[in-house]
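Structural characterization, general
These are the residues of each chain, in order.
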Amino acid sequence: VQLQASGGGLVQAGGSLRLSCVSSRNIFSFKSMGWYRQAPGKQRDMVASISSGGLTNYADFVKGRFAISRDNVKNTVYLQMNVLEPEDTAVYSCNAVPTHWLENTYWGQGTQVTVSS
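All of the points below concern the structure found in this document. (Residues numbered from 1 in each chain as written. Predicted model: local features only at pLDDT ≥ 70, side-chain atom pairs only at ≥ 80, totals over all residues. Heavy atoms only, no water.)

1. Side note on the pairing of strand β11 (residues 111–116)
Where we set the bar: Exposed residues in this analysis have more than 50% of their type's maximum accessible area, buried residues have under 20%, and partly exposed residues fall in between, with area computed by a 1.4 Å probe over protein chains only. Each helix is a run of DSSP H or I of at least 4 residues and each strand a run of E of at least 2, with the numbering of both proceeding from the N terminus. In this description, strands pair whenever DSSP reports at least two bridges between them.
The alternating pattern of β11 places Thr111, Val113 and Val115 on a buried face, while none of Gln112, Thr114 and Ser116, on the opposite face, is buried. In this structure, strand β2 (residues 9–12) lies alongside β11, joined through 4 bridges in parallel fashion. Note that in β11 the partner of Leu10 across the bridge is Thr114. Here 3 bridges tie strand β9 (residues 90–98) to β11, and the two strands are oriented antiparallel to one another. Each residue of the ladder has a partner; that of Tyr92, found in β11, is Thr111.

2. Here's the deal with the packing of aromatic side chains
The description of two aromatic rings rests on the distance between their centres and on the angle between their planes. Put simply, the rule reads: Two aromatic rings, drawn from Phe, Tyr or Trp (for Trp, its six-membered ring), form a pair once their centres lie within 6.5 Å of each other, and the interplanar angle then sorts them: stacked below 30 degrees, edge-to-face above 60, tilted otherwise. Consider the ring centre and the ring normal. A charge sits over the ring if Lys NZ or Arg CZ is within 6 Å of that centre and within 35 degrees of that normal.
In total, this model carries 2 aromatic pairs according to the counting rule given. Measuring from ring centre to ring centre gives 6.2 Å for Phe30 and Tyr106, while their planes differ by 65°; the resulting arrangement is edge-to-face. Here the residue Phe30 occupies a position in strand β4 (residues 30–38), and Tyr106 occupies one in strand β10 (residues 106–107), the gap between them amounting to 76 residues. Positioned above the aromatic ring of Tyr78, the side-chain terminus of Arg18 is 4.2 Å from the ring centre. The aromatic ring of Trp107 is capped on one face by Arg44, whose charged end is 3.8 Å from the ring centroid.

Everything listed here is a matter of coordinates, which is why it stays silent on function.
Right, dumping it as structure tokens:
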């Protein structure tokens, strides 16, 4: 399984970006998919996740600003990021948690998001 993340870039504070994570496998085969971020010198944090049934979960620091969604036809998960802050600067990565417990979680490569003040 390959997860291809894209959509990062440089944006001014208050701006928006939309990240995409395209899966090489039907995303219905995953229990959930999510976005994580890691800033230099910091731990990786969960940003948002979405279950196969569409249930969403957000980190407190992005609630009301970010929205995760999925397109089952395109096998893609999106992260719409609004009202971006310099503190949102990080490498954003997507993951996919398989339904079968014996299968490991898949991770995509990261995409850099830089928010200037």
